[in-house]
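Coordinates in review
Chain residues, written in single-letter form:
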Amino acid sequence: MAEASPLAPRGAGRLVAHFWMVLGVIVVAFPVYYVFIASTHSTQTILRPPLPLLPGAEAAQNYSDAFSGGISRIGGVSLWRLLANTTIVAMGIALGKIAISMASAYAIVFFRFPLRMACFWLIFITLMLPVEVRIQPTYKVMVDLGLIDTYPGLILPLIASATATLLFRQFFMTIPDELLEAARVDGAGPWRFFRDILWPLSLTNVAAIFVIQFIYGWTQYLWPLLVTNSNDMNTIVIALKKMISFADADTPWNLVMVTSVLAILPPILVVVLMQRWFVKGLVETEK
Amino acid sequence: MRRTVFPHKLLPWLLLAPQLAITLIFFYWPAGQAFRQSMLREDAFGLKSTFVGLANFRKVLGDPNYLNAVQVTAVFSALVALFAMAIALFLAVQAEKVIRGKGFYRTLMIWPYAVAPAIAGMLWLFMFNPSFGTLAWPLRQMGIHWNPLLDGDHAMILVVAAATWKQISYNFLFFVAGLQAIPRSLLEAAAIDGASRRHAFWTIVFPLLTPTTFFLLVVNTVYALFDTFGIIHAVTGGGPGKATETLVYKVYNDGFVNLIMGDSAAQSVILMIIVIALTAFQFRFIERRVHYG
């Protein structure tokens, strides 16, 4: 990583590269920084451009107001509730995907049974059916099953993932036959083999998929928009959309900014803290 | 091919059951319904529907509003894919040149990946909204009548910027990985031959990046087609007029706001065909996988 490419410039050329990187980073990170700054100012300051580039004095006030449910446009639901909803949905989707994809990949790779490849293709083809192209009928299924405004309704339709199944299948296929033979000679059944050998070997992949799917779950928009009517069940992204109106004068911008910060921060932390697995997993799994 | 397997016959079905159940209930059944509905037309009260064959498709494809959405989507996707990839490639090349601070730059570059598209859109509208946006303020001072809430072109610029901003991180990571995979011996040979850096980039580096570029082209197109729904919905609502109404937004709008089921279903089917075509294209030419999450 530290070694430069043979064509890397020296001296001035390298400084120019740094200049572009700094400029790129500023453009990329500025909107996030800007929201954070805005969340520490009063609405009056926010409405009088340009906004100062340093934090203001209203931080404590804004954050405590927002957390205690001072936002009437979303029915006074507290930020805790929104964060809890979003966390449940994101975790449910990430962990659920990992569980069911691992199980089905395990079945397809380590067993032989009739229609095995048919099952694989059945799962594989769902790659071509993103939720956006089947919203109306999927919504109807949710209504028929009584899943509107429930956590299962938010989680289940997004939980089946051909990508994760394919990735685990690919990884399981690299496990040498000898390992399975040895395990079977020692009398290990499917569960023992999974728990003692396969699971420890899969941890890196699991971590990468977890990050990718957690972000996927946290940033969902269209689906939560459709299946939640009550303010109590909103994810934070949807609540944010509901509380903003650019036409209205009475949007509580300071509280909107606090909500934005809290909607952005958790997934950013997950990505940055788990960066090592995430980057490796993203680049390797998708290629 | 694996030689050793477990002998169980029932267990694999139990392991597959959850995924198959969810796939059938939430993927195949609704997709089938979309096909069925696309050939039905409901009466004015939604009580009775009659089979109309391909009439819904003819109606949709002859509708000027739909053709407008096709055009908007094409412009939007092309601009987003072009800018998101060009900027990311440029930055990835710069990142390759620096020695210190690579990790630091990368950490700051990946933030937008974690930001929901809808929030990305709202952030940009907040910074650039005509009445109190801090970055719209200098535009006004310069005498530009910047108003994305009223001017269709301005609205398009804003949603393209937000969608591009969000996608740069992703492309950056892939281009960095692609650049690192280029054999050093080739670059050394070029350096010894006295090739200029620009020349070496266009004749060696860029051609070797083709697989990455193709892969990203498809991913970015799919992203611009589908994942940007949140940006459009949160920022412009398809407006002003229909200046930013994309295909996915129109499916949503016709199905859930205007409640025209047959049209909405026909549009869904057309979108499905587009996705299948894109995926097939990707498999045919790149043999890599698409990620929808």
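Remember, it's a predicted structure, so these values are computed and weren't measured experimentally.

1. A word on the overall build of chain A
Across its full length, chain A carries 14 helices and 0 strands. The linear arrangement of helices and strands in chain A, starting from the amino end, is α-α-α-α-α-α-α-α-α-α-α-α-α-α. For 287 residues, the compact-globule estimate of 2.2 N^0.38 gives 19 Å, and the C-alpha radius of gyration of chain A, at 24 Å, exceeds that figure by more than 25%. By principal-axis analysis of the C-alpha atoms, chain A measures approximately 75 × 65 × 35 Å. Scored against the burial criterion, the 287 residues of chain A give a buried share of 45%. The contacts of chain A with a sequence gap of at least 6 include a subset with a gap of at least 24, amounting to 74%.

2. So, the overall build of chain B
Each helix and strand in chain B was counted, giving 13 helices and 2 strands. Structurally, chain B occupies a C-alpha span of about 75 × 75 × 30 Å along its principal axes. Within chain B, the proportion of its 293 residues that are buried is 48%. Counting only contacts in chain B whose residues sit at least 6 apart along the sequence, the fraction spanning at least 24 positions is 68%.

3. Digging into the packing of helix α12 (residues 236-243) of chain A against helix α13 (residues 253-273) of chain A
All names here are of chain A. Put simply, α12 and α13 touch, their axes get as near as 10 Å, and they point 160 degrees apart. Here α12 is positioned roughly antiparallel relative to α13, judged by the angle of their axes. The two elements α12 and α13 cross, and the hand of that crossing is left-handed. Along its contact with α12, which presents Ile236, Val237, Ala239, Leu240 and Met243, the element α13 presents Val256, Thr259, Ser260, Leu262 and Ala263. Classifying every residue of the contact of α12 with α13 by side-chain character gives 8 nonpolar, 2 polar and no charged.

4. Overview of the interface of chain A and chain B
Counting residues at the interface gives 94 residues for chain A and 95 residues for chain B. Of the residues forming the side of chain A that touches chain B, the biggest block, 13 residues, is contributed by helix α1 (residues 12-38) of chain A. Among the residues making up the side of chain A that touches chain B, the classes are represented as 68 nonpolar, 15 polar and 11 charged.

5. A few points about the nonpolar core
One finds Ile119(B), Met122(B), Val159(B) and Ala162(B) to be the most contacted residues of the largest nonpolar core, which totals 161 residues. In terms of residue count, helix α4 (residues 79-110) of chain A provides more of this core than any other element does, 16 residues in total. In this structure, Leu187(B), Ala200(B), Val205(B) and Leu209(B) belong to the second largest nonpolar core, which totals 5 residues.

6. Observations regarding the environment of Pro114(A)
One can find Pro114(A) in the loop between α4 and α5 (116-125). Each C-alpha atom of the pair Pro114(A) and Leu147(A) lies 34 Å from the other, and the pair is 33 residues apart in sequence.

7. Considering the packing of α1(A) against α13(A)
Residue and element names in this part refer to chain A. At a minimum axis distance of 8 Å, the contact between α1 and α13 shows a crossing angle of 135 degrees. As the angle between them shows, α1 and α13 are arranged oblique. As for the relative orientation of α1 and α13, their crossing is left-handed in sense. Contacts between α1 and α13 involve Val32, Val35, Phe36 and Ala38 from the former and Met257, Ser260, Val261 and Ile264 from the latter. When its residues are assigned to classes, the contact of α1 with α13 shows 7 nonpolar, 1 polar and no charged.

8. Some remarks on the environment of Thr50(B)
Relative to the elements of secondary structure, Thr50(B) occurs in strand β2 (residues 49-51). Taking the C-alpha atoms as reference points, Thr50(B) and Met39(B), separated by 11 residues in sequence, lie 8.4 Å from one another.

9. Here's the deal with α13(A)
Its 21 residues give α13(A) an end-to-end C-alpha distance of 30 Å, which sits within 8% of 30 Å, the value for a rise of 1.5 Å per residue. Where α13(A) bends most, at Leu265(A), the angle is about 25 degrees, and the proline Pro266(A) comes one to four residues later.

10. Re the confidence of the model for chain A
Mean pLDDT over chain A: 83, with 91% of residues reaching 70 or higher. Considering each helix and strand of chain A separately, the mean pLDDT is smallest for helix α14 (residues 275-285) of chain A, with a value of 76, and largest for α4(A), with 91.

11. Examining the confidence of the model for chain B
Residues and elements named next belong to chain B. Chain-level statistics for chain B give a pLDDT mean of 83 and a share of 94% at 70 or above. A low-confidence stretch, residues 287-293 (pLDDT under 50), is modelled with 21 contacts involving residues beyond four sequence positions or located in other chains. Scoring the predicted complex yields pTM 0.86 and, for the interface, ipTM 0.83.

12. Section: helix α10 (residues 190-218) of chain A
Taking 1.5 Å of rise per residue, 29 residues should cover 42 Å, yet α10(A) covers just 34 Å from first to last C-alpha, more than 12% shy of that figure. At Leu203(A), α10(A) is deflected by roughly 55 degrees, the largest bend along its length.

The rules we used
- Residues numbered from 1 in each chain as written.
- Chains lettered and ligands numbered in written order.
- Predicted model: local features only at pLDDT ≥ 70, side-chain atom pairs only at ≥ 80, totals over all residues.
- Helix = DSSP H or I, 4+ residues; strand = E, 2+ residues; numbered from the N terminus.
- Rg over C-alpha atoms; globule rule 2.2 N^0.38 Å.
- Buried ≥ 20, exposed ≤ 12 C-beta atoms within 10 Å, placed from the backbone.
- Contact = placed C-beta atoms within 7 Å.
- Axes fitted to C-alpha atoms, helices over the stretch in contact; angles between N-to-C directions.
- Parallel < 35°, antiparallel > 145°, perpendicular 65-115°, else oblique.
- Left-handed = near helix turned anticlockwise from the far one by under 90°.
- Nonpolar A, V, L, I, M, F, W, Y, C, P; charged D, E, K, R; others polar.
- Core = buried A, V, L, I, M, F, W, Y, C linked by C-beta atoms within 7 Å.
- Expected span 1.5 Å × (residues − 1).
- Bend = angle between axes of the 7 residues up to and from the residue.
- pLDDT = per-residue confidence, 0-100.

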